[in-house]
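The residues making up each chain are set out below.
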Protein chains: 2
Amino acid sequence: MKPNETEISTLGEFGLIEKITQNFNSRNDSTIRGIGDDCAVIGQGELKTLITTDLLLEGIHFDLRYVPLKHLGYKAVVVNLSDVYAMNGTPRQVTVSLGISKRFTVEHIAELYEGVHIACEHYGVDLVGGDTSASVTGLLISVTAIGEAREDKIVYRSGAKDTDLICVSGDLGAAYMGLQLLERERQVSAEQQDADFEPDFAGKEYLIERQLKPEARRDVIEEIARLGITPTAMMDVSDGLSSELLHIAKQSKVGCRVYEDRIPIDYQTALMAEELNMNLVTAAMNGGEDYELLFTVPLAQHELVSQMKTARLIGRVTKPELGTCLVTRDDNEIPIRAQGWNAFE
Amino acid sequence: MKPNETEISTLGEFGLIEKITQNFNSRNDSTIRGIGDDCAVIGQGELKTLITTDLLLEGIHFDLRYVPLKHLGYKAVVVNLSDVYAMNGTPRQVTVSLGISKRFTVEHIAELYEGVHIACEHYGVDLVGGDTSASVTGLLISVTAIGEAREDKIVYRSGAKDTDLICVSGDLGAAYMGLQLLERERQVSAEQQDADFEPDFAGKEYLIERQLKPEARRDVIEEIARLGITPTAMMDVSDGLSSELLHIAKQSKVGCRVYEDRIPIDYQTALMAEELNMNLVTAAMNGGEDYELLFTVPLAQHELVSQMKTARLIGRVTKPELGTCLVTRDDNEIPIRAQGWNAFE
């Protein structure tokens, strides 16, 4: 590196994106929303097209020593569909591009595509394209998902208002704990050098499933619609709740209070944190890969939100000057910082 | 590899795609065309959305020892826009995803995005998203282009009919010769181990430009529209004319005759082939990366086609049983085989 050059890790992913895209302006009427939300929004009619894309790289996002290829194919599709649901849209198509090094065979790729196929069937989306190439090292997957939504139904990250309620679906931290568990068993296996070594996941199946086979929360979107709830802001929890709360706060120009005792955590997650001597709330706030939906709703819909089976209230939106804070069980207010997953660290 | 497993190179890219996607069926009304053309075609109204995606991987598709990052960013966008024009569509948006290894700095990525920016400005498209990640080794770029076209204007690969005329824009083989030249100068430079070595590209600038800074043929689409020509089949020449002719023949269920003396070849391409002792027609037929447009038109439009400044007639479509052949200068008919670029070889 030359003296006047900058390491990417000093900016991080979001800082880098902000810097390199600052000179880009939109010129087409059909570009409704560009960079900065879960999906881009494009199109000329009332029905808009949603576009999102995600990379999954071997050695960065997944480790094939414990991730089965079928699960990987499934997950690669699902994490993109999650972004379409996070706009309150319906995913319709995906493209799947692969870079494949020499150690992979036709059978390996067929197994990966079996997972892609199952995800497409399950979520009702069509595989419509992609690109397939050799790669120098490892496997890489680049998926683009295409969805649709009526313009007046689309929910951005920028619509949260002071006094809105903050909700999150499912529970948090389990996928991260699943990763810790898989990593621990892999190390034990390597140390024992025993070909017959069987990892022990008894009683921890939920953690493994959350890591290896996450689901996109179509059911949350459906429940919201059924109850007549109208979210003001929404995004999916991929990097961790802390990071996502900061995105919504920044883009909506608001603050928030989230209550520690309201953060949804599964029993297996709590046990695993204890076993690994990790801070449970830190794992739940920053673990990432939950693919739950974080959304805000008007205070007037409190009654409706309390009827939801797929999501719960975790806090409230405030004026921006109050900052974004976690309120602990002993009533301390701790400023939320993004400690979520960063590929450049 | 286990005994019952298959190396990917035995199937090649198209064989692999055919095998792994055979179980996929479309279920959404909005999926008009999936895998198998330059773009997928989706949408519910008269105005359709076109989607295409391409991977560019370091060490496979480009060599940063002689490809400037700005050119690479430009090319990564352009090769995708070329696929939108090849459907007779208008590109409107792109997403650009990057995998970046540790040797790249913020300044490197800014340079790459300068090229992306120039391409977006030049072709009037908006950057609307992407994903940015660390990678274990090298640089990877995954671009998705989104375009639009009126349904009745879209040209597929499958519409060529017996007696149609075959046309190609620009000239062929120059990008391939540019690559040979860049590779030769790199080797000379490495052998001389002279830091001040300056490659000699005098009189060969066109070849270098075709390799490093290809353009998508928007002007061809515009001329076709202006003259009232209605192509029956079209695709862009990325893997080489031979490979593309076989795609159109297969998908349109036709044969063809292409005339050697009609293949458009630039003077610099011819000189370079002589200098490198390579067969010129082979280079023009199989070189790849030309990003020209190959299209067929009804015989009745012969007069209109002859007025085109951006494209010329190179052959005619025949009944399928006549096969796909190149007619040499001495009137021999040689069956065309795909010898174009294959990343898995």
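Residues numbered from 1 in each chain as written. Chains lettered and ligands numbered in written order. Predicted model: local features only at pLDDT ≥ 70, side-chain atom pairs only at ≥ 80, totals over all residues.

Caption draft 1: Quick look at the overall build of chain A. For chain A, the helix and strand inventory stands at 10 helices and 14 strands. The C-alpha atoms of chain A give a radius of gyration of 20 Å, which matches the 20 Å a tight globule of 345 residues would have. Taking the principal axes of its C-alpha atoms as reference, chain A extends roughly 60 × 55 × 50 Å. Out of the 345 residues belonging to chain A, those deemed buried represent 52%. The long-range share in chain A, meaning contacts at least 24 apart out of those at least 6 apart in sequence, stands at 85%. (Helix = DSSP H or I, 4+ residues; strand = E, 2+ residues; numbered from the N terminus. Rg over C-alpha atoms; globule rule 2.2 N^0.38 Å. Buried ≥ 20, exposed ≤ 12 C-beta atoms within 10 Å, placed from the backbone. Contact = placed C-beta atoms within 7 Å.)

Caption draft 2: Geometry of the relation of the copies chain A and chain B. Expressed as a screw transformation, the operator carrying chain A onto chain B has a rotation angle of 180° and an axial translation of 0.0 Å, and the superposed copies differ by an RMSD of 0.0 Å. A rotation of that kind, with that shift, is consistent with a two-fold axis. (Least-squares fit on C-alpha atoms with pLDDT ≥ 70 in both.)

Caption draft 3: View of the interface of chain A and chain B. On the chain B side, the residues contacting the 71 residues of chain A number 71 residues. Elements that contribute at least two residues to the side of chain A that touches chain B include exactly α1 (12–20), β2 (40–42), β3 (47–57), β4 (90–100), α3 (106–123), β5 (126–129), β6 (132–134) and β7 (140–150) of chain A. Per element, the largest residue contribution to the side of chain A that touches chain B is eight residues, and it comes from β3(A). The residue inventory of the side of chain A that touches chain B, partitioned by class, reads 30 nonpolar, 30 polar and 11 charged. (Nonpolar A, V, L, I, M, F, W, Y, C, P; charged D, E, K, R; others polar.)

Caption draft 4: Representation of the domain arrangement of chain A within the structure. Residue and element names in this part refer to chain A. Each domain of chain A was delimited in the assignment, giving domain 1 (8–153) and domain 2 (165–335). Between the C-alpha centres of domain 1 and domain 2 the distance comes to 22 Å. Listed as interface residues are 17 residues of domain 1 and, on the opposing side, 18 residues of domain 2. Looking at which element gives the most residues to the side of domain 1 that touches domain 2, the answer is helix α2 (residues 69–85), with nine residues. Of the residues in the side of domain 1 that touches domain 2, the class split is nine nonpolar, four polar and four charged. (Domains from an automatic or database assignment.)

Caption draft 5: Local environment of unusual backbone geometry. Residues and elements named next belong to chain B. Of note, the phi angle at T163 is positive, near 80°, even though the residue is not glycine. Relative to the helices and strands, T163 is located in the loop between β7 (139–150) and β8 (165–169). Look at Y291: it is not a glycine, yet its phi comes out positive at around 55°. Among the residues examined, Y291 registers 24 C-beta atoms within 10 Å and is labelled buried.

Caption draft 6: Examining the pairing of β5(A) more closely. Residues and elements named next belong to chain A. In the sheet, β4 pairs with β5 via three bridges, with the strands oriented parallel. From the neighbouring strand, T95 faces β5, where its bridge partner is G129. The parallel pair β4 and β5 is bridged by α3, and the resulting crossover is right-handed. (Pairing = 2+ DSSP bridges. Right-handed = clockwise from strand over helix to strand, strands pointing away.)

Caption draft 7: Just the pairing of β4(A), in detail. Residue and element names in this part refer to chain A. Among the 11 residues in β4, 11 count as buried, and that is most of the element. The pairing of β4 with β7 spans nine bridges and is antiparallel. Across the sheet, the residue bridging to G99 is L140, located in β7. Where β4 lies against β6, three bridges are found, and the strand directions are parallel.

Caption draft 8: The arrangement of the nonpolar core in detail. Membership of the largest hydrophobic core comes to 198 residues, with the highest contact counts inside it found for V77(A), L81(A), C167(A), V77(B), L81(B) and C167(B). Apart from the residues lying within four places of it in its own chain, the contact partners of V77(A) are V94(A), V116(A), A119(A), C120(A) and V143(A). (Core = buried A, V, L, I, M, F, W, Y, C linked by C-beta atoms within 7 Å.)

Caption draft 9: Quick peek at the environment of H117(B). With respect to the helices and strands, H117(B) occurs in helix α3 (residues 106–123). Judged by C-beta crowding, with 21 C-beta atoms within 10 Å, H117(B) ranks as buried. Along the backbone, H117(B) and L127(B) are 10 residues apart, and their C-alpha atoms lie at a distance of 8.2 Å. In this structure H117(B) touches N23(A) and F24(A), once residues within four positions along its chain are discounted.

Caption draft 10: Representation of the sheet that holds strand β9 (residues 233–237) of chain B. Residues and elements named next belong to chain B. The strand order across the open sheet formed by seven strands is β9-β11-β8-β12-β10-β13-β14, and the pairing between neighbours is mixed. A strand with exactly one partner marks an edge of an open sheet, and here the two such strands are β9 and β14 (333–335). Across the sheet, the mean angle from the axis of one strand to that of its neighbour is 25°, orientation sign disregarded. Bridge analysis of strand β10 (residues 255–259) against strand β13 (residues 324–327) gives four bridges, and the strand direction is parallel. In the strand pairing of β13, C256 is matched with T324. (Axes fitted to C-alpha atoms, helices over the stretch in contact; angles between N-to-C directions.)

Caption draft 11: Here's a closer look at helix α4 (residues 174–192) of chain A. Residue and element names in this part refer to chain A. Its 19 residues place the ends of α4 27 Å apart at the C-alpha level, agreeing with the 27 Å of an ideal helix rising 1.5 Å per residue. Of the residues making up α4, those classed as buried are A174, A175, Y176, M177, G178, L179, L181 and L182. Buried residues in α4 make contact with α5 (205–212), α8 (267–275) and α9 (280–286). Residue Q193 follows α4 closely and has a positive phi angle near 45°. (Expected span 1.5 Å × (residues − 1).)

Caption draft 12: Representation of the packing of helix α4 (residues 174–192) of chain B against helix α5 (residues 205–212) of chain B. Residue and element names in this part refer to chain B. At their nearest, the axes of α4 and α5 sit 7 Å apart, and the two run at 100° to each other. Our classification of the angle between α4 and α5 gives roughly perpendicular. Between α4 and α5, the residues in contact are A174, A175, M177, G178, L179, L181 and L182 and Y206, L207, I208, R210 and Q211, respectively. Residue classes in the contact of α4 with α5 are distributed as nine nonpolar, two polar and one charged. (Parallel < 35°, antiparallel > 145°, perpendicular 65-115°, else oblique.)

Caption draft 13: Structural context of the sheet that holds strand β9 (residues 233–237) of chain A. Residue and element names in this part refer to chain A. In spatial order, the strands read β9-β11-β8-β12-β10-β13-β14; together these seven strands make up an open sheet with mixed pairing. What marks the edges here is a single partner per strand, and that holds for β9 and β14 (333–335). Sheet twist, expressed as the mean angle between neighbouring strand axes with direction ignored, is 25°. Pairing of strand β8 (residues 165–169) with strand β11 (residues 292–297), which is carried by four bridges, proceeds in the antiparallel orientation. When the bridges of β11 are listed, C167 appears paired with F295. Together, β8, β9, β10 (255–259), β11 and β13 (324–327) form the strand contacts of helix α7 (residues 241–252), whose direction differs from that of β9 by roughly 155°.

Caption draft 14: Examining helix α6 (residues 218–227) of chain B more closely. Residue and element names in this part refer to chain B. Residues of α6 that are buried: V220, I221 and I224. Buried residues along α6 cover an arc of 100° about the axis, so they all sit on one side. For α6, the exposed residues lying more than 90 degrees away from the buried face are E222 and R226. On its buried face, α6 is in contact with α2 (69–85), β8, β11 (292–297) and β12 (311–318). Looking one or two residues past α6, G228 carries a phi angle of roughly 75°, positive in sign. (Arc of directions from axis to C-beta.)

Caption draft 15: Focus on the packing of α2(A) against α3(A). Residue and element names in this part refer to chain A. Two elements in contact, α2 and α3, have axes separated by 6 Å at closest approach and are oriented at 40°. In terms of orientation, α2 lies oblique with respect to α3. As α2 packs across α3, the resulting crossing turns out to be right-handed. Where α2 approaches α3, its residues L69, K70, H71, L72, G73, Y74, V77, V78 and L81 are matched on the opposing element by H108, E111, L112, Y113, E114, G115, V116, I118, A119, C120 and Y123. (Left-handed = near helix turned anticlockwise from the far one by under 90°.)

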